[in-house]
Amino acid sequence: MFRAAFMVLFPTTVLSLALVPLGNNIVAITVLPKMIMFRAAFTVLFPTMVLSLALVPPVPPGNNIVAITHAAGRMGKALALQIREDAVLSGTPFEELPKIRAIVRSESEAMAVKCDLGGVKMEGGKMTPIPLSWLETVVVEDCENTKMLQSAFEGSGCAILCDASHNEIIWNDDTNNKDGEGMCSISVPMAENNALSKRLLAEIEAASSCTTLRHVVMRSSMGLSSGVSKEAANSMGGEAALAGPREAEKALKSSGLDYTILRLGALTDDGGNVPLIFGVKDSILEKRLDSTTSQRPPILSRADAARACTFLLKERSAFKGLIIDCAWHPKYGRSSVGSEEAVSAAGRQDLNKAIRDGMFVM
C-alpha cells in the first residue's frame, strides 16, 4: 500500500516490497530498486513496524572493500548506496559484491550513516539502526593521527575521496530558477573548506602507504586547469574554493597511486538521473560562460556526481591517470529532474562513450 507514496519520492525507480520479520512484533518492509539511482534512506515509524530502505543480500567477509571518505556527507551516502546497488543489479557474483567502508569524523556521523543507509527499527522504546553486513564505519576524528588514518584504508581495494573543499549554489529567486538560469550566488564555507582540505591531504598521504589499494577516485572541482580564465575560476568560488582541490590534485598525482580525478561543476541537492556531459581542461566551464550572461557555472546534482564516480570506479582501468570534467548536459536544467525525457535519456546514455567523446572531441 506504500507503492504510490514511494513512486512520488522515487519516480525513476520501480520498487518491490518484501516483508522481513525482525522479532518482537517488528517488521521491516524492504524496498528493492529495479534501477540504479541515488536513494536517500526514508524511514516511517509505526507503533509495531518500521519502513526501511535496506539493501540485501549480505556480503561475506572478503577483500572487495571500497573506502569512502567524508562518507557522512550528502554525496558520500549516495556513493555508498550506488556502488552497492550497481554491483547487485549488474549480477555481480555474491562472493564478489563490494563492501563499503565509510570513513567518518565522529561517532555521530557514523550513526547518521548507519541510520540513513540501513534505516532504523524501534524496539523496546529505543530507536536503533538496522545493521547492514556490507557496511562498516570507521571513525577517524583527528586527521593528524597518521596511524589511525592509515589503518582506515588498509584492507580496502579502492577508495573514493570526497573531502575536497566545495562551493554551494545559493538560488536567489525561487520562482525563476527551475531551469537553472535564475539568479544565484556562490557560497564558500571557509572554515569547513580549510578543514576538509587539510584532511584530504592527510588522506592522500595515508592512502599512499596502504598496501592493498589498487585505485583512487577523487572528487575535485572545475576551474583548476592551467590557463583557465579568471571569470571561469571565480564562477567556481575563486581561490577560496579552489586552493584546496589544487593542492590535493598535486599530491595525488605525485603519490604513486593509480587514480582518476573527477572535476565537478557546482553541486546541487536536486535529484539524479539527468544526462551528463564530460570534458577536459575546463572546456565545459569556459563554453558555459561564453554562451550565457548569467555567470552561473555548469551544475549537477550530488546524486549524479555519485553516479559518475561509481562508473569511473567500475571502469577504473580504462580511465587510470586521467582528469575528467563532469556536469549536467546543457540541454537539461533543474526543471528536467524527474522528467520522463531526462530519465529515459540518462538510462540510454553510454557513459563510456560520453567520457571519451568529451576527452577527445571537445
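Note that the structure is a prediction, hence the values are computed from the model and not measured. (Residues numbered from 1 in each chain as written. Predicted model: local features only at pLDDT ≥ 70, side-chain atom pairs only at ≥ 80, totals over all residues. Heavy atoms only, no water.)

A.B. asks: What exactly am I supposed to notice about the overall build of the protein here?
C.D. replies: Looking only at helices and strands, one finds 11 helices and 18 strands in the protein. Taken over 362 residues, the protein has a buried fraction of 52%. Partitioning the contacts of the protein with sequence separation of at least 6, the portion at a separation of at least 24 is 75%. About 15800 Å² of surface is accessible on the protein, with carbon and sulfur atoms providing 55% of the total. (Helix = DSSP H or I, 4+ residues; strand = E, 2+ residues; numbered from the N terminus. Buried < 20%, exposed > 50% of the residue type's maximum accessible area, 1.4 Å probe, protein only. Contact = heavy atoms within 4.5 Å. Areas by Shrake-Rupley, 256 points an atom, 1.4 Å probe, with all protein chains shown as cover.)

A.B. asks: What am I meant to see in the pairing of strand 7 (residues 120-123) here?
C.D. replies: Consecutive side chains of a regular strand alternate in pointing toward one face of the sheet and then the other. Note: strand 7 against strand 8 (residues 126-129), 4 bridges, orientation antiparallel. Counterpart to Met122 in the pairing with strand 8 is Met127. The loop that links strand 7 with its antiparallel partner strand 8 comprises 2 residues; one of these, Gly124, has a positive phi angle of about 65°. (Pairing = 2+ DSSP bridges.)

A.B. asks: Any chance you could explain the sheet that holds strand 9 (residues 135-139) here in plain terms?
C.D. replies: The strands making up a sheet associate through hydrogen bonds between their backbones, and the pairing can be parallel or antiparallel. Strand order in the open sheet formed by 8 strands is 9-6-5-10-13-14-18-16, with mixed pairing between adjacent strands. What marks the edges here is a single partner per strand, and that holds for strand 9 and strand 16 (276-279). Taken pair by pair, the neighbouring strands of this sheet meet at an average axis angle of 20°, ignoring direction. As judged from the 4 bridges shared by strand 16 and strand 18 (residues 323-328), these two strands associate in the antiparallel manner. Within strand 18, the residue paired with Ile277 across the bridge is Ala327. With respect to the sheet, helix 9 (residues 302-314) is in contact with strand 5 (65-69), strand 10 (158-161), strand 13 (215-221), strand 14 (259-264), strand 16 and strand 18, its orientation differing from that of strand 14 by roughly 160°. (Axes fitted to C-alpha atoms, helices over the stretch in contact; angles between N-to-C directions.)

A.B. asks: Honestly, the nonpolar core in this entry has me stumped. Any pointers?
C.D. replies: Within soluble globular proteins, side chains that are nonpolar tend to cluster in buried spots. If you look at the biggest cluster of nonpolar residues, it comprises 53 residues, and the most contacted ones within it are Leu79 and Phe278. Broken down by element, this core gets its largest block of residues, 7 residues, from helix 9. Cys143, Ala152, Ile204 and Met218 belong to the second-largest nonpolar core, a separate cluster that totals 24 residues. (Core = buried A, V, L, I, M, F, W, Y, C linked by side-chain atoms within 4.5 Å.)

A.B. asks: I tried to follow the pattern of salt bridges on my own but got confused; where do I start?
C.D. replies: Working definition: two side chains of opposite charge can pair if their charged atoms are close together. Taken as a whole and assessed by the stated rule, the structure comprises 16 salt bridges. Measuring nitrogen to oxygen at the nearest pair gives 2.9 Å for the salt bridge that ties Arg105 to Glu109. Where Lys331 meets Glu341, a salt bridge forms, and the shortest distance between an N and an O atom there is 3.5 Å. Taken together, the residues span a long stretch of sequence, with Lys331 in the loop between strand 18 and helix 10 (340-348) and Glu341 in helix 10 at a distance of 10 residues. (Salt bridge = Lys/Arg side-chain N within 4 Å of Asp/Glu carboxyl O.)

A.B. asks: Mind showing me how you'd approach the pairing of strand 14 here?
C.D. replies: A large share of strand 14 lies buried, amounting to 6 of its 6 residues. Of the two faces of strand 14, both are covered, the one formed by Tyr259, Ile261 and Arg263 as well as the one formed by Thr260, Leu262 and Leu264. Note: strand 13 against strand 14, 6 bridges, orientation parallel. Opposite Ser221, over in strand 14, you have Leu264 as the bridge partner.

A.B. asks: Would you explain the packing of helix 9 against helix 11 (residues 351-360) in this entry?
C.D. replies: Interaxial distance between helix 9 and helix 11 falls to 11 Å at its minimum, and their mutual angle equals 95°. Taken as axis vectors, helix 9 and helix 11 run roughly perpendicular relative to one another. Residues Arg307, Phe311 and Leu312 of helix 9 form the contact with helix 11, whose own contacting residues are Leu351, Asn352 and Ile355. For the contact of helix 9 with helix 11, the residue count by class is 4 nonpolar, 1 polar and 1 charged. (Parallel < 35°, antiparallel > 145°, perpendicular 65-115°, else oblique. Nonpolar A, V, L, I, M, F, W, Y, C, P; charged D, E, K, R; others polar.)

A.B. asks: Please explain the packing of aromatic side chains as it appears in this structure.
C.D. replies: How two aromatic rings sit relative to each other is given by the distance of their centres and the angle of their planes. With the rule as written, the count across this model stands at 1 aromatic pair. Taken together, a centroid distance of 6.3 Å and an interplanar angle of 50° make the contact between Phe311 and Phe319 tilted. Of the two residues examined, Phe311 and Phe319, each falls in the buried class. (Phe/Tyr/Trp six-rings, centres within 6.5 Å; stacked < 30°, edge-to-face > 60°.)

A.B. asks: Can you walk me through the side chain of Arg101 in this structure?
C.D. replies: Following the sequence through the fold, Arg101 ends up in strand 6 (residues 99-104). In this structure the side chain of Arg101 is engaged in a polar contact, spanning 2.8 Å, whose partner is the backbone oxygen of Ala152. Not counting the four nearest positions on each side in its chain, Arg101 is found in contact with Ile65, Val66, Ala67, Ile68, Glu136, Val138, Ser151, Ala152, Phe153, Glu154, Gly155 and Ser156. (Polar contact = N/O pair within 3.5 Å; in protein donor to acceptor, adjacent residues only side chain to side chain.)

A.B. asks: When you look at the environment of Lys314 in this model, what are you seeing that I'm missing?
C.D. replies: For Lys314, the position within the fold is in helix 9. Here the alpha-carbon distance between Lys314 and Asp86, two residues 228 residues apart in the chain, equals 9.1 Å. Leaving out residues up to four positions away in the same chain, Lys314 has contacts with Asp86 and Ser90. Polar contacts involving the side chain of Lys314 include one to the side chain of Ser90, which spans 3.4 Å.

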